[in-house]
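Structural description and commentary
Now for the letters of each chain:
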Amino acid sequence: MERRSLLRAAVAGVVGVPAGARLLSGTASAAPAGPASYRVLVTRVDGGNDRVMEFDRNAPSFTAPYVKWELRPGWGDVLEARCRTSAHDGDVVLVTAGDSPSKGRAGIYRKKDKKLLWSVPVGNYPHSIELIRENGAVVVAGAGTKRPRPDAPRPHGSIHLYTTKNGRIGTLSHAASYSLTEAHGVLWDPAYKLLWAIGRTEIRRYRLVGSGAGVRLREVGADHRITIGGNGHDLQPDYTDKHRLLLTDSRHVYEMDKRALKPTPLPGPLGNRKHVKSIVRHHSGEYMWAGVPDGSDSHFGGPDIHFLPPAAHRTCGKGAVTYKARIATNAYQ
């Protein structure tokens, strides 16, 4: 995921549903009776079409005629978008974006009028952002700066903590940064009171200590970090089970019981799918994912958002490149 030039060279003609998008067998709950009904946030990274778009899950396609809400930050490739509720500013959308490892930005918009409440430059390729509603703190995952060679990890990956004295988003300021190689995802867990973070080959857990502007992160289990085999990418809830997380890396899609702390590939073809950029499970039992299509040279993704079971997809249009798909809910789990 270095630059737009790589992206544009890969997108032409990439369409269709990958062979791996068959029924997921052996999962914790049976396939829903029919398609679930919910809103979907999609991030786009295809040049001048960089944006966040919201659709009804059952729209005929995820294209312009069916957009329910749209945001164009103007910061480059949109690498993350998620909905949250803030203590003082109502419903908000968290966004990270950037065109290169040295140029990026994180921000928070009020959803109803798209007013930018806060933003900050992030110099190490911001890939994810989370709001901790209990105290108003924000955490941003920075994947790192330019790779010294194509197969090397990005240097200077970290998670950045921003705190506020009064809980208002507009007063956020940088408090601390914590090293994490190729940090790609962060997720607040209100049930376990943990911040989960995923990096190149490991998942870390942090507790929040202190209050107000003095909040800091303290790692839990540093002597027993959770490891994965590929390059870690996404970390999201399973809305059917508060004790379960879903994870992706360059090799697999995993499920993990938060009590056992052992990631295992999902049963069925989805568990062995490579380069899935986002994964989530709706409370109906339906999985939604986005990733690089089979045979594509893209470092970002393809034109479709996928669902199963049953296997289905929605296209974002010819030439579109989607990076992540999120359930448009303020719920953390």
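Before any of the text, the structure's been laid out above.
The notes below deal with the structure included here. (Residues numbered from 1 in each chain as written. Predicted model: local features only at pLDDT ≥ 70, side-chain atom pairs only at ≥ 80, totals over all residues. Heavy atoms only, no water.)

Examining the overall build of the chain
- Tallying secondary structure elements over the chain gives 1 helix and 25 strands in all.
- Here the chain, with 333 residues, has 58% of them falling under the buried criterion.
- Accessible surface for the chain amounts to roughly 12800 Å². Of this, 49% is attributable to carbon and sulfur atoms. (Helix = DSSP H or I, 4+ residues; strand = E, 2+ residues; numbered from the N terminus. Buried < 20%, exposed > 50% of the residue type's maximum accessible area, 1.4 Å probe, protein only. Areas by Shrake-Rupley, 256 points an atom, 1.4 Å probe, with all protein chains shown as cover.)

Topic: the sheet that holds strand β22 (residues 287-291)
- With antiparallel pairing, 4 strands are arranged side by side in an open sheet as β21-β22-β23-β24. Looking at which strands have only one partner, the edges of the open sheet turn out to be β21 (276-281) and β24 (312-315). Neighbour to neighbour, the strand axes of the sheet diverge by 20° on average, direction disregarded. (Pairing = 2+ DSSP bridges. Axes fitted to C-alpha atoms, helices over the stretch in contact; angles between N-to-C directions.)

Notes on unusual backbone geometry
- Cis peptide bonds are those with omega within 30 degrees of zero, and the linkage from L308 to P309 qualifies with -10°.
- In this fold, P309 is placed in the loop between β23 (304-308) and β24.
- With a phi close to 65°, H156 is a non-glycine residue in the positive phi region.
- Structurally, H156 is set in the loop between β9 (137-142) and β10 (158-163).

Describing the pairing of β21
- Counted residue by residue, β21 has 6 buried out of 6 residues, so it is predominantly covered.
- Inspection of the sheet shows β21 paired to β22 by 5 bridges, in the antiparallel sense. From the neighbouring strand, V276 faces β22, where its bridge partner is G291.
- The antiparallel hairpin formed by β21 and β22 contains 5 residues in its connecting segment, where G285 sits at a positive phi of about 105°.

As for the sheet that holds strand β8 (residues 126-132)
- One open sheet holds the 4 strands; their spatial order is β8-β9-β10-β11, and the pairing between them is antiparallel. Each having just a single partner strand, β8 and β11 (173-179) make up the two edges of the open sheet. Strand-to-strand twist across the sheet, computed as the mean angle between neighbouring axes with direction ignored, equals 20°.
- When β9 meets β10, the two strands line up antiparallel, connected through 5 bridges. Counterpart to G142 in the pairing with β10 is S158.

Some points on the pattern of salt bridges
- Enumeration over the complete set of coordinates arrives at 27 salt bridges.
- For the salt bridge of R110 with D113, the shortest nitrogen-to-oxygen distance reads 2.7 Å.
- Relative accessible area serves as the criterion here: at 40%, D113 is assigned to the partly exposed category.
- Residue R147 is joined to E182 by a salt bridge in which the shortest nitrogen-to-oxygen separation is 2.8 Å. One end of the pair, R147, is in the loop between β9 and β10; the other, E182, is in the loop between β11 and β12 (185-189), with 35 residues separating them in the sequence.
- Of the residues examined, E182 reaches a relative accessible area of 3% and is grouped as buried.
- One connected set of salt bridges, linked through shared partners, spans E80, R82, R84, E130, D234, K324 and R326. (Salt bridge = Lys/Arg side-chain N within 4 Å of Asp/Glu carboxyl O.)

Focus on the side chain of T163
- If you trace the backbone, T163 turns up in strand β10.
- We classify T163 as buried; its relative accessible area is 3%.
- Engagement of the side chain of T163 in a polar contact is seen with the backbone oxygen of A213, the distance being 3.1 Å.
- The residues touching T163, leaving out its near neighbours within four places in the chain, are A137, T171, L172, S173, A175, G212, A213 and V215. (Polar contact = N/O pair within 3.5 Å; in protein donor to acceptor, adjacent residues only side chain to side chain. Contact = heavy atoms within 4.5 Å.)

Focus: the nonpolar core
- Counting 32 residues, the largest nonpolar core has I108, W118, I129, V138, I159, Y162 and L195 as its most contacted members.
- Here this core takes 5 residues from β9, the largest share from any one element.
- Apart from the residues within four sequence positions on either side, V138 is in contact with I108, W118, I129, E130, L131, H160, L161, Y162 and L172. (Core = buried A, V, L, I, M, F, W, Y, C linked by side-chain atoms within 4.5 Å.)

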